[in-house]
Amino acid sequence: MADEYEQNHVHEVYQQIAGHFSATRFKAWPIVEQFLQAQSPGSVGLDVGCGNGKNLTVNKDVFIVASDRSENLARIAMQHQPHSTVVADILQLPHRDAFFDFAISIAVVHHMSTPERRVEAVAEILRTVKPGSGTEPGGKFLVYAWALEQKDSRRGWDKGDPQDIMVPWVRKSKSDQGQEQTFHRYYHLYEEGELERDIEQAGGQVLESGYEKDNWWAIATPKPKPKPAS
Amino acid sequence: MKVITANFVTCAVKECKTTATSFPLHFHDAELELQEVDFQPEFIRNVIPRIDWEGLRTTANELGFPSLPETKPEGDALTNEQTLKDLHRLLLETQVMEGKLVCGTCGHAYAIKEGIANFLLPSHLV
């Protein structure tokens, strides 16, 4: 079962490494920062899979409902004012349809272990975002996923390598005479164009996309619904 | 969980989202705490237009703050410092630390513990 697999190889690991993981992540990535700063004051948005909440420090003029599957990470994220944090699953978000002005999900969908669940995750976030109308542009959703093509990174993967992998997280504990503990997280590495394909399949329209810091990213909006035949 | 957050969440069960009774979720056994947050009048003024006022009135009533005006403050009313301060206190500073959020459609209760609401569904509701 895919959900059980993710429970063991993603959720449990983040519960265990939450403190150490958080201590190694401080700053929003440049495109995430730009995207959040571009939202108008008073906008209301989502940060799905917020981790330690590092993206919640970027813009204090908007209100973000952040969520994470890991309660330990959600507790770390909740300190960032004026925003708010809840525990939720990306496939069952506790939010109304077509409401939010913007959404981000940074380095999250690559933890879903089947192609269907990755598309479903994108579709679930797009569901909550305001679609555009004839006069007003729709809300925007920024999504990042780890890239297969990263031959210059420390990991060194590239085109042609396996896309479904286990990535070790090594935690050295200071209190435990430097004893090491290794955890493995499941990742799906996205190949070029894959994120855009998933968005299309999820009923989204890709507005912009690119590559930054070993990740593929895309900005999407819900596709306008076809007009009912009159 | 801040009071404002209740205005932006609903039941996690798919079938409930299209029903009118799933919003807002209802607080039960709520234990409140006041936590100071920097007062930014601009923030309150900007975010009020995004608030579902009926939903907020329901929530405020359930938590024992029955004094919200019947209609959403707009225009000039949002230049009144006291109005903004009152809303700031209710929306951002009032925290539900313990309790439950209950869906008016399916009756599922989401627990709030140490200030965090948990919307993970038991497997029979997924």
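Residues numbered from 1 in each chain as written. Chains lettered and ligands numbered in written order. Predicted model: local features only at pLDDT ≥ 70, side-chain atom pairs only at ≥ 80, totals over all residues.

Undergrad: Can you help me understand the overall build of chain B in this one?
TA: Scanning chain B from N- to C-terminus turns up four helices and four strands. Going from the N terminus to the C terminus, chain B shows its helices and strands as α-β-α-α-α-β-β-β. Relative to its length of 126 residues, chain B is compact, with a C-alpha radius of gyration of 15 Å against a globular reference of 14 Å. Partitioning the intrachain contacts of chain B with sequence separation of at least 6 by distance along the chain shows that 72% fall at a separation of at least 24. (Helix = DSSP H or I, 4+ residues; strand = E, 2+ residues; numbered from the N terminus. Rg over C-alpha atoms; globule rule 2.2 N^0.38 Å. Contact = placed C-beta atoms within 7 Å.)

Undergrad: What's the story with the packing of helix α4 (residues 115-128) of chain A against helix α5 (residues 194-201) of chain A in this structure? I'm lost.
TA: Residues and elements named next belong to chain A. At a closest axis distance of 8 Å, the pairing of α4 and α5 adopts a crossing angle of 65°. Two packed elements cross with a definite hand, and for α4 against α5 that hand is right-handed. Side by side, α4 and α5 meet where R118, V119 and V122 of the first sit next to D198, I199 and Q201 of the second. Within the contact of α4 with α5, the residues separate by chemical class into three nonpolar, one polar and two charged. (Axes fitted to C-alpha atoms, helices over the stretch in contact; angles between N-to-C directions. Left-handed = near helix turned anticlockwise from the far one by under 90°. Nonpolar A, V, L, I, M, F, W, Y, C, P; charged D, E, K, R; others polar.)

Undergrad: Just to check I follow, could you spell out the nonpolar core for this structure?
TA: Across soluble globular proteins, nonpolar side chains have a tendency to be buried as a group. One finds A:V86, A:A103, A:F141 and A:V143 to be the most contacted residues of the largest nonpolar core, which totals 91 residues. Setting aside anything within four residues of it in sequence, one finds A:V86 in contact with A:V65, A:S67, A:A74, A:P94, B:M1, B:T5, B:V9, B:I116, B:A117 and B:F119. (Core = buried A, V, L, I, M, F, W, Y, C linked by C-beta atoms within 7 Å. Buried ≥ 20, exposed ≤ 12 C-beta atoms within 10 Å, placed from the backbone.)

Undergrad: Quick question: what am I supposed to make of the interface of chain A and chain B here?
TA: By convention, interface size is frequently given as the accessible area that disappears when the constituent parts associate. Each partner contributes to the interface: chain A provides 24 residues, whereas chain B provides 28 residues. When residues of the side of chain A that touches chain B are traced back to their parent elements, those giving at least two are β2 (63-68), α3 (71-77) and β3 (84-87) of chain A. For the side of chain A that touches chain B, the element with the most residues is β3(A), which contributes four residues. Taken together, the residues of the side of chain A that touches chain B break down into 12 nonpolar, six polar and six charged.

Undergrad: Even after reading the chapter, I still don't get the UniProt feature "domain: Methyltransferase type" (unreviewed entry) in chain A, so can you show me in this structure?
TA: Sequence positions flagged by UniProt for "domain: Methyltransferase type" (unreviewed entry) are, in local numbering, residues 46-132 of chain A. Taken end to end, residues 46-132 of chain A comprises 24% helix and 21% strand; its first and last C-alpha atoms sit 17 Å apart. (UniProt positions renumbered as here; feature names shortened; annotations may be inferred.)

Undergrad: How do you make sense of the environment of B:P69 when you look at a structure like this?
TA: Residue and element names in this part refer to chain B. Here P69 lies in the loop between α3 (53-62) and α4 (81-93). P69 gets classed as exposed once you count the C-beta atoms within 10 Å, which come to 10. The sequence separation of P69 and R57 amounts to 12 residues, and the corresponding C-alpha distance is 8.4 Å.

Undergrad: Would you mind showing me how to read the sheet that holds strand β8 (residues 204-212) of chain A here?
TA: Pairing between the strands of a sheet is mediated by backbone hydrogen bonds and can be parallel or antiparallel. Residues and elements named next belong to chain A. Reading across the sheet, the seven strands line up as β3-β2-β1-β4-β5-β9-β8 and stay open at both edges, with mixed pairing between neighbours. Both outer strands of the open sheet, β3 and β8, are each paired with one neighbouring strand and no more. Here the strands of the sheet are splayed against their neighbours by 20° on average, with no regard to which way each runs. Bridge analysis of strand β1 (residues 44-48) against strand β4 (residues 102-106) gives three bridges, and the strand direction is parallel. The partner of D47 across the bridge, within β4, is I104. The sheet strands contacting helix α2 (residues 30-37) are β4, β5 (140-146), β8 and β9 (215-222), and the helix crosses β4 at an angle near 165°. Packing against the sheet, α5 makes contact with β5, β8 and β9, and its axis sits at approximately 165° to β8. (Pairing = 2+ DSSP bridges.)

Undergrad: Just checking my understanding: could you explain helix α1 (residues 2-23) of chain A for this structure?
TA: Residue and element names in this part refer to chain A. Helix length check: α1, at 22 residues, gives a terminal C-alpha distance of 29 Å against a target of 32 Å (1.5 Å per residue), a fit within 8%. Those residues of α1 that sit buried are E6, V10, V13, Y14, I17, A18 and F21. Where α1 is buried, its residues meet α3, β6 (164-172) and β7 (180-188). (Expected span 1.5 Å × (residues − 1).)

Undergrad: Would you mind showing me how to read the sheet that holds strand β1 (residues 26-34) of chain B here?
TA: Residues and elements named next belong to chain B. Taken together, four strands build an open sheet; the order of strands is β1-β2-β3-β4 and the sheet is antiparallel. Among the strands making up the open sheet, the edge pair consists of β1 and β4 (116-117). Sheet analysis places strand β2 (residues 94-102) next to strand β3 (residues 109-113), joined by four bridges and oriented antiparallel. By the bridge assignment, K100 is partnered in β3 with A111.

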